[in-house]
Amino acid sequence: MANKLKVLVTGAAGRMGREVVRAISAEADMEVVAAIDPSFAAANPDTDAGVLAGVGRLGVDVQPGLSDALYRTTPDVVVDFTQPASVMDNLRLVLGDGVNAVVGTTGLTDADLTEIRQLCSTNDARCLVAPNFAIGAVLMMQFVKAAARHMPDCEIIEMHHNKKLDAPSGTAMKTAEIVAAARTGASPDATQKVILEGARGGDFEGIKVHSIRMPGFVASQEVIFGGQGQTLTIRHDTLDRSSFMPGVVLGIRRIGGRSGLVYGLDALLET
């Protein structure tokens with residue numbers, strides 16, 4: 001077998017990070033060479049990332065220092081599931097070293113994406129930023145694009161666990177962008193008396209976006225279209241975080257064959 005893809009995981013002690021470690025460990029053509037989680041490593045030194053993820057010892061301890069790990073392990077790909085406050089600092093190190101990245105951390109701004117694109121160009125690196133790695137969620141957005149051409153009036157409701165740090169979700173914003181680009185001739189809103197501020201949700205180019213944060217959810221989204229005498233609802237439910245892993249593995253395998261910034265998993269599904 002050819003050399004395995006060497007993968008460094010940041011946010012390795014988090015819920016998604018542990019899923020990523022499990023998923024990579026199950027693949028014959030890739031291996032975890034480093035696991036980074038500064039706050040966890042400081043409180044729990046010498047913790048094996050495989051043991052933490054429930055797959056047995058990998059001989060890779062969770063470490064605090066990303067820069068040192070990049071130098072020691074020379075990974076092919078870095079997978080980042082951290083937090084909005086730290087993801088850009090991580091990417092400046094990773095992409096600045098010319099290492100490819102797969103990013104599932106949400107909350108990135110347009111300015112962040114512009115900087116990522118520049119980092120890729122300057123350092124001959126590639127970066128996949130995906131608001132959602134679930135294949136079903138990507139298909140949902142493709143169906144939404146088709147529907148928006150014919151039923152331009154819609155609203156988005158997204159539901160996540162109460163520990164999610166950003167709202168709306170990256171998936172909801174990506175969906176709203178797709179709808180805005182595809183639709184024409186949406187009906188104007190009637191003049192409304194809003195009794196409670198925020199009751200009509202956020203507004204993205206005339207598309208209302210509603211965020212729910214509640215224990216019990218992982219991630220769900222529905223897009224409701226309205227037309228004369230009818231409605232159409234397109235919904236995707238994530239029941240377990242393992243649903244994201246086929247998309248993450250796909251991203252790790254394919255990002256090296258692309259160039260610059262790739263935004264959205266759909267671009268890789270088409271290759």
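Everything numeric in this text was worked out from a predicted model, so none of it was measured. (Residues numbered from 1 in each chain as written. Predicted model: local features only at pLDDT ≥ 70, side-chain atom pairs only at ≥ 80, totals over all residues. Heavy atoms only, no water.)

> How would you summarise the nonpolar core if you had to cite specific residues and measurements?
With 38 residues, the main nonpolar core has L128, F133 and I252 as its most contacted residues. Listed by contribution, the elements that provide at least two residues to this core are β1 (5-10), α1 (15-25), β2 (30-36), α2 (38-43), α3 (49-53), β4 (77-80), α7 (135-148) and α9 (245-254). Every residue in contact with F133, bar those within four places of it in the chain, is listed here: F81, V102, V103, G104, L128, S243, F244, G247, V248 and L265. Listed in part, the 24 residues of the second largest apolar core include L66, L70, V103 and L119. (Core = buried A, V, L, I, M, F, W, Y, C linked by side-chain atoms within 4.5 Å. Buried < 20%, exposed > 50% of the residue type's maximum accessible area, 1.4 Å probe, protein only. Helix = DSSP H or I, 4+ residues; strand = E, 2+ residues; numbered from the N terminus. Contact = heavy atoms within 4.5 Å.)

> Which residues make up the pairing of strand β11 (residues 230-238), and what values go with them?
Regular strands place side chains that alternate from one sheet face to the opposite one. With nine bridges connecting them, strand β10 (residues 219-227) and β11 associate as antiparallel partners. Across the sheet, I224 pairs through a bridge with T233, a residue of β11. Connecting β10 to the antiparallel partner β11 that follows it, the hairpin turn spans two residues, and G229 within it adopts a positive phi of roughly 70°. (Pairing = 2+ DSSP bridges.)

> Any details on unusual backbone geometry? Residues and values, ideally.
Trans peptide bonds make up the majority, and among non-glycine residues the majority have a negative phi. Of note, the amide linkage connecting A167 to P168 takes the cis form, showing an omega dihedral of -5°. By the secondary structure assignment, P168 is in the loop between β7 (153-160) and α8 (170-182). The phi torsion at D46 lies on the positive side, around 60°, for a residue other than glycine. On the secondary structure map, D46 appears in the loop between α2 and α3. For T74, which is not glycine, the phi torsion reads 40° and is therefore positive. Looking at the secondary structure, you find T74 in the loop between α4 (66-73) and β4.

> Give me helix α5 (residues 87-96): which residues, what numbers.
Burial in α5 covers these residues: V87, M88, N90, L91, V94 and L95. Buried residues along α5 cover an arc of 150° about the axis, so they all sit on one side. (Arc of directions from axis to C-beta.)

> Run through the sheet that holds strand β6 (residues 126-129), naming residues and quoting values.
Ordered by their spatial adjacency, seven strands build an open sheet running β3-β2-β1-β4-β5-β6-β12, and the pairing between neighbours is parallel. Looking at the sheet topology across the chains shown, the edges are occupied by β3 (62-63) and β12 (260-263). Looking at chain direction, β1 and β4 are connected through four bridges and run parallel. For L8, the partnering residue across the bridge sits in β4 and is V78. On the sheet, α4 packs against β1, β2, β3 and β4 and is oriented at approximately 170° with respect to β1. (Axes fitted to C-alpha atoms, helices over the stretch in contact; angles between N-to-C directions.)

> So, the sheet that holds β10: which residues are in play, and what are the values?
Taken in spatial order, the five strands line up as β8-β9-β7-β10-β11 in an open sheet, and their pairing is mixed. With one partner strand each, in any of the chains shown, β8 (202-204) and β11 form the two edges of the open sheet. Neighbour-to-neighbour, the strand axes of this sheet turn through a mean angle of 20°, independent of strand direction. Of the pairings in the sheet, the one linking β7 to strand β9 (residues 207-213) comprises six bridges and is parallel in character.

> Report on the side chain of E222, specifying residues and quantitative values.
Mapped onto the elements, E222 comes out in strand β10. A polar atom in the side chain of E222 sits 2.9 Å from the side chain of R235. Leaving out residues up to four positions away in the same chain, E222 has contacts with E155, I156, I157, M159, T233, I234 and R235. (Polar contact = N/O pair within 3.5 Å; in protein donor to acceptor, adjacent residues only side chain to side chain.)

In short, shape yes, function no, at least from these values alone.
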